[in-house]
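Topology and contacts: notes
One-letter residues, chain by chain:
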Amino acid sequence: MEFKLRDYRAEEEAYSLTRVSVSSHPLSSSSSSSSSHTQDNVSIEFFDPLRALSTEIPEPVEDTIVAEKYPVIQPASHLSAKEWASFNKLLMQRFPVPKMISVSASSSKTIKGKKAIGELPANTQSDELNDSEKLTEKGFKTVSQQEYIKRLHELKDEIKRSWHSGDRVTSLKLSIKVARLLMDTCVAQFYPTLFVLATDIMDMLGDMVWERIKEKAEFADDGTKVCTLSDDFEANSICLEAKETCNNWFRKIASIHELLPRIYLELAIFSCWRFMRDDVTDNLMRLVMMIRGISDPLASAYCRFFLIHCAQKLPQRDTGHLVNCISDQKILLRQIISTKGTKYGNFLGDHKLLISLMEPTIEYTMRCIFKDPNKIADMIVRLELGKSPLELYGKVPWISIVLHYLLKELPTEVVCSNALEILRLVDCSSDYTFDQCLNYKMVGLKLCEGIDQVNTVDAVIDEVIQAATKKKILDEYLKILDAYMDIILHYNMDRSLSSILSEIFERLCNEVVTEDELPTLQSIVVKLITHFDDMKYIFDLNYFVDILDVMHGSSRSIVCMHILTKATRNNHIDDPTTVKLLFDVAQSLHDNVDFSNTRSDDNQQAERLVARFVDKVDHGMELDRHLTFLVECRGAFSSMNDLKEILVHSSNLLATRALREKKNNLNFIKSCITFNEVTIPCILSYARQLILYLETAEVSLFGGLISHADGLLDSAVCCLQNVSLVDGLRKSNEDADGIVSLTRKLCSFMLLVPGNLEQGAMYIPKSILSLLDSQSWVTPKLRIRVLCSLLSLSATFAQNELPYHAIHEEVFGNDLLFHGDAMYSQELGSLSRVILHNMVDTIQQEPSQVTRGKLALEACNCIASYFKVNHEISSVCSKLMETAVSCLGGDDKYLQSTNNFVHKQSPLCVGGE
């Protein structure tokens, strides 16, 4: 067998495109402008958004129609209903319901749907223990949560069914039973859920009564429509029959014996007062006064809650009832605060639990008070908060929890204009209903919303620092300062910042930092990192590094990630002090994160940040120092597998930089190669090892280190031998294709490497060939690809001059080392015969007939391209063509083109025709 001789220079000249000199680059701006000018005279059949930059794009018609169909501003009643539903949903989520609920005997009767169960006889006691309801020692019944809620839904369905069947008396009686359930506060944590479910039934009843009376007003007895009531109708337009029906409903409700059900039922149909009178303010205030007669503080608070909800449905939004409700709440809270012991009114239990259950009612009341922006000034005066929005009182104490939601709803402009007065108000309002530090925090958040509108910033911050310093508990101290940190940074108050950091560190040294304080401390540190652009300045801040050292756990990891994110935004990091500090930060992050869980997003982000930091570090011309840094990184970040690849790339980059300097850097280049030889085996993936071995071998060869390159290539072959053993799993098609591509790349690289005189010039190709037989994951299709590459390599080695050489002057190619060597030619011929036999055998192993035919044609093209066609080659090609014809048929275009190509290479007849 004899290889074809090729002249690579002549081929390059023959197949190169003709080059023409031009005055400007085709992608330059001048060219694009001229081309756009040319386009003006040509009809454009399509719209190119990248060319018509100045063209006005019309607004989509569909968006305009949608905007007109659904206006942004919705009716107030719709917003109130939506807000109420959302608030109720959050209310049920806020207080988890126990599985078993204690209820009174009367409530048990309603829930059970039968007569009340008294004391049980002794002979039925064992049966009772198996029931879902159980009798407690105090005479209360215990009912499962699911049964209670299910029964309420059943009552709702019964009320609706009775109403639609015309039995409105039964609907009212059942509604009274539901309202009576709200008298029972035995299980306080269940009360919010009970309130939501019961008031839903009350609202349903109110809607049905409203619709019935409205129908009476609009239709005559014979069903003829008399009129259509507008949303703002007046009472004098309502007929007498409708008014009588309305009055009858209120009289029925007024006859209810118990106070709480009577109030709830009247509130449910309260909007029906509009059918009898235009101004219902007096009726509303009467109900406000009636609620004061409810002795249970929890029941009275939620009754006011429902009153405010029902009042929101009225077209006239009077605010008098809101002011009275919040005043009554304040009186009630003061009495609870002043009461000693565990009982207040009918409520048994912890006062803090009672206040937490009342908290949503206060929040909703305050939200309604400041709902209308036009009435804010009036509300401030009526709440006795100040003379006007610009002049607030600062020394009138409030209940902390009421003050908190007042501050939450106050407009930002009012808070910014009266910051000092509000801070003094918070200072004198301190009780256990709400943490005072959270009120300070609320003021801070409001001031940050209007950060440019804050008056007397210096005085405000001094007041805050004084208030924070008084706090003995570290968590409260940090929460106050955290809320105002943005203001301090925004106004560049360096003196205040320095004193705050100093005191924070002093407190951290004197106290043990627990998990409660860490999130707030984290927030403060992150704000500092986010505000400043230069990490060097951040590290120079007073006690910043010391505070960072005190932090631990996940909070420290989060801060470290923010630091690395900020630092790696720059093009490079070259300051030695900053590099050292960032290295400590990255090492801390590495030590705190479990990198064995590679699926975690946080772990992946942490590894990416550390890798970016290592990649951004630049020691300039101090290459030895940079290599030392890489060695330190390898030791410090041993758990980060992907980082090791970056270290190898960085080391090769350093070696390449040393080569470009053309100084006597041979020892340094050897150090880089040695670093890689130690690092690459630590990487888990053999495929990635193979890539890095090839890359490092290229660098070694360009540096003239032939022995290092040989060793790295041996390691690369070992990777190929071990690649199928990863995890003991069968390689996927994608992985296998990638490994085969790397093998072919290795074949290409072998052209640059001088043949090994001791092991033989064809040692690596022979190793690859033997490797194919030992790897079970290599399919016939992949094997043919590698064999074709080996055949191409052998054919290239047989040329008088190789197509390319290593750039180092001391590295000679095989064309110079072995040209005319008979042993070398014999070795090439022997290898080629083995490859040919392997090709023929491999093709026959392919199970798919179509694939087997295509592989035969691919092999035939390869053989005809590299060998001079003689009798032996013609015989091999004929056999391959016969296989292709039997598998694909004579009409296959690929087969026909291959047959024509082979005929052109030699006049010898080849099978296929």
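Calculation criteria
Residues numbered from 1 in each chain as written. Predicted model: local features only at pLDDT ≥ 70, side-chain atom pairs only at ≥ 80, totals over all residues. Heavy atoms only, no water. Helix = DSSP H or I, 4+ residues; strand = E, 2+ residues; numbered from the N terminus. Buried < 20%, exposed > 50% of the residue type's maximum accessible area, 1.4 Å probe, protein only. Areas by Shrake-Rupley, 256 points an atom, 1.4 Å probe, with all protein chains shown as cover. Pairing = 2+ DSSP bridges. Patch = residues over 30% accessible without salt bridge, like charges linked within 9 Å, V, L, I, M, F, W, Y side chains within 5 Å. Salt bridge = Lys/Arg side-chain N within 4 Å of Asp/Glu carboxyl O. Lys, Arg positive; Asp, Glu negative; His and termini not counted. Charge placed at Lys NZ, Arg CZ, Asp CG, Glu CD. Core = buried A, V, L, I, M, F, W, Y, C linked by side-chain atoms within 4.5 Å. Contact = heavy atoms within 4.5 Å. Expected span 1.5 Å × (residues − 1). Arc of directions from axis to C-beta. Axes fitted to C-alpha atoms, helices over the stretch in contact; angles between N-to-C directions. Parallel < 35°, antiparallel > 145°, perpendicular 65-115°, else oblique. Left-handed = near helix turned anticlockwise from the far one by under 90°. Nonpolar A, V, L, I, M, F, W, Y, C, P; charged D, E, K, R; others polar. pLDDT = per-residue confidence, 0-100. Polar contact = N/O pair within 3.5 Å; in protein donor to acceptor, adjacent residues only side chain to side chain. Phe/Tyr/Trp six-rings, centres within 6.5 Å; stacked < 30°, edge-to-face > 60°. Lys NZ or Arg CZ within 6 Å of the ring centre and 35° of its normal. Disulfide = S-S within 2.5 Å.

Of the regular secondary structure elements, the protein chain holds 42 helices and seven strands. Out of the 913 residues in the protein chain, the part that is buried amounts to 47%. When the accessible surface of the protein chain is split by element, carbon and sulfur atoms take 51% of a total near 46,400 Å².

Another aspect to go through is the pairing of strand E3 (residues 141-144). Both faces of E3 are covered, namely the face carrying Lys141 and Val143 and the face carrying Thr142 and Ser144. Bridge count for strand E1 (residues 100-103) against E3 is four bridges, and the pairing is antiparallel. Within E3, the position partnered with Ile101 by the bridge is Val143.

A contiguous patch of negative charge, built from Asp231, Asp232, Glu234, Asp278, Asp279, Asp282 and Asp318, is present on the exposed surface. Tracing the backbone shows Asp282 in helix H12 (residues 281-291).

Bringing the nonpolar core into the picture now. Grouped together as the largest cluster of nonpolar side chains are 287 residues, with contacts concentrated most on Tyr264 and Tyr484. Considering each element in turn, this core owes the most residues, 15 residues, to helix H9 (residues 191-218). The contacts of Tyr484, once residues within four sequence positions are left out, are Leu423, Tyr440, Val443, Gly444, Leu447, Ile461 and Val464.

Time to look at helix H32 (residues 666-679). Helical geometry note: an α-helix holds 3.6 residues per turn, so side chains three or four residues apart project in the same direction. Between its first and last C-alpha, H32 extends 20 Å over 14 residues, near the 20 Å set by a 1.5 Å rise per residue. Every buried residue of H32 is listed here: Phe668, Ile669, Cys672, Ile673, Phe675, Asn676 and Thr679. Buried positions in H32, seen along its axis, are confined to an arc of 155° and lie on one side of it. Taken together, the buried residues of H32 touch helix H30 (623-636), helix H31 (641-661), helix H33 (686-702) and helix H34 (706-722).

It is worth spelling out the packing of H31 against H32 at this point. Packing of H31 against H32 brings their axes to within 9 Å, and their N-to-C directions diverge by 165°. Relative to H32, the element H31 is oriented roughly antiparallel. The interaxial crossing formed by H31 with H32 has left-handed handedness. In this structure, H31 contributes Lys644, Leu647, Val648, Ser651, Asn652, Leu654, Ala655, Ala658 and Leu659 to the contact, and H32 contributes Phe668, Ile669, Cys672, Phe675, Asn676 and Thr679. Of the residues belonging to the contact of H31 with H32, the class tally is 10 nonpolar, four polar and one charged.

In this section: helix H15 (residues 351-369). For H15, with 19 residues, the first-to-last C-alpha span of 26 Å sits near the 27 Å given by 1.5 Å per residue. Burial within H15 is extensive, with 15 of its 19 residues counted as buried.

In this structure, Glu384 is a non-glycine residue whose phi angle is positive, near 60°. For Glu384, a relative accessible area of 58% corresponds to the exposed category. Of note in the backbone geometry, Tyr543 takes a positive phi value of approximately 65° without being a glycine. Of note, Tyr543 is situated in the loop between helix H25 (535-539) and helix H26 (544-550). Tyr543 gets classed as partly exposed once you look at its relative accessible area, which sits at 29%.

Before going further, it helps to spend a moment on the confidence of the model for the protein chain. Looking at the protein chain, the pLDDT average stands at 84 and 87% of residues meet or exceed 70. Summarising per-element confidence for the protein chain, the mean pLDDT is lowest in helix H6 (residues 125-129) (35) and highest in helix H11 (residues 259-268) (96).

Here the focus is the environment of Arg424. Inspection of the secondary structure assignment puts Arg424 in helix H19 (residues 419-427). The class of Arg424 is partly exposed, set by a relative accessible area of 32%. A sequence separation of 27 residues divides Arg424 from Pro397, and the C-alpha atoms of the two residues are 9.3 Å apart.

Looking now at the pattern of salt bridges. Counted by the stated rule, this structure contains 30 salt bridges. For the salt bridge of Glu363 with Lys408, the shortest nitrogen-to-oxygen distance reads 3.3 Å. With Glu363 in helix H15 and Lys408 in helix H17 (residues 400-409), this pair connects stretches of sequence that are 45 residues apart. Residue classification places Lys408 among the partly exposed positions, given a relative accessible area of 32%. Between Asp618 and Arg657 there is a salt bridge whose closest N-O contact spans 3.9 Å. Placement of Asp618 in the loop between helix H29 (601-616) and H30 and of Arg657 in helix H31 is noted, with a sequence separation of 39 residues between them. Residues participating in the shared-partner salt-bridge network are Glu83, Glu363, Arg367, Lys371 and Lys408.

Let's shift gears to the side chain of Thr412. Considering the arrangement of structural elements, one finds Thr412 in helix H18 (residues 412-417). Judged by its relative accessible area of 12%, Thr412 is buried. One polar contact links Thr412 to Glu449, side chain to side chain, over a distance of 2.9 Å. Contacts of Thr412, omitting those with residues within four sequence positions, involve Lys446, Glu449 and Gly450.

What follows is about the packing of H9 against helix H10 (residues 240-254). Contact pair H9 / H10: the axes reach a minimum separation of 7 Å and the direction vectors enclose 155°. Judged by the angle between their axes, H9 and H10 are roughly antiparallel. Read as a crossing pair, H9 and H10 show a hand that is right-handed. Of the residues in H10, those touching H9 at Val209, Arg212, Ile213, Lys216 and Ala217 are Glu241, Ala242, Thr245, Cys246 and Trp249. Residue classes in the contact of H9 with H10 are distributed as six nonpolar, one polar and three charged.

This part covers a nonpolar patch on the surface. Taken together, the side chains of Phe812, Leu816 and Leu817 define a hydrophobic patch exposed on the protein surface, amounting to about 300 Å² of accessible area. With respect to the helices, strands and loops of the structure, Leu816 is situated in helix H38 (residues 814-817).

This part is about the packing of aromatic side chains. Centre-to-centre distance and the angle between the planes together describe a pair of aromatic rings. By the definition in use, this model includes 27 aromatic pairs. Ring centres of Trp210 and Phe233 lie 6.0 Å apart, and the angle between their planes is 45°; this geometry places the pair in the tilted category. You can see Trp210 sitting in helix H9 and its partner Phe233 sitting in the loop between H9 and H10, a full 23 residues away along the chain. Under the relative-accessibility criterion, Trp210 is labelled buried at 17%. Feature note: the residues Trp84, Phe87, Tyr191, Phe195, Tyr264, Tyr302, Phe305, Phe306 and Tyr364 constitute an aromatic cluster, connected by ring pairs. Here Lys330 stacks its cationic end above the ring of Trp398, 3.8 Å away from the centre of that ring.

With that out of the way, let us pick up the state of the cysteines. According to the stated counting rule, one finds zero disulfides in the structure shown. Counting only cysteine sulfurs, Cys877 is the nearest neighbor of Cys860, a cysteine outside any disulfide, at a range of 4.0 Å.

A word on the environment of Asp372. Residue position: Asp372 is located in the loop between H15 and helix H16 (376-382). Overall, Asp372 belongs to the partly exposed group, its relative accessible area being 30%. Side-chain polar atoms of Asp372 contact the backbone nitrogen of Asn374, separated by 3.1 Å.

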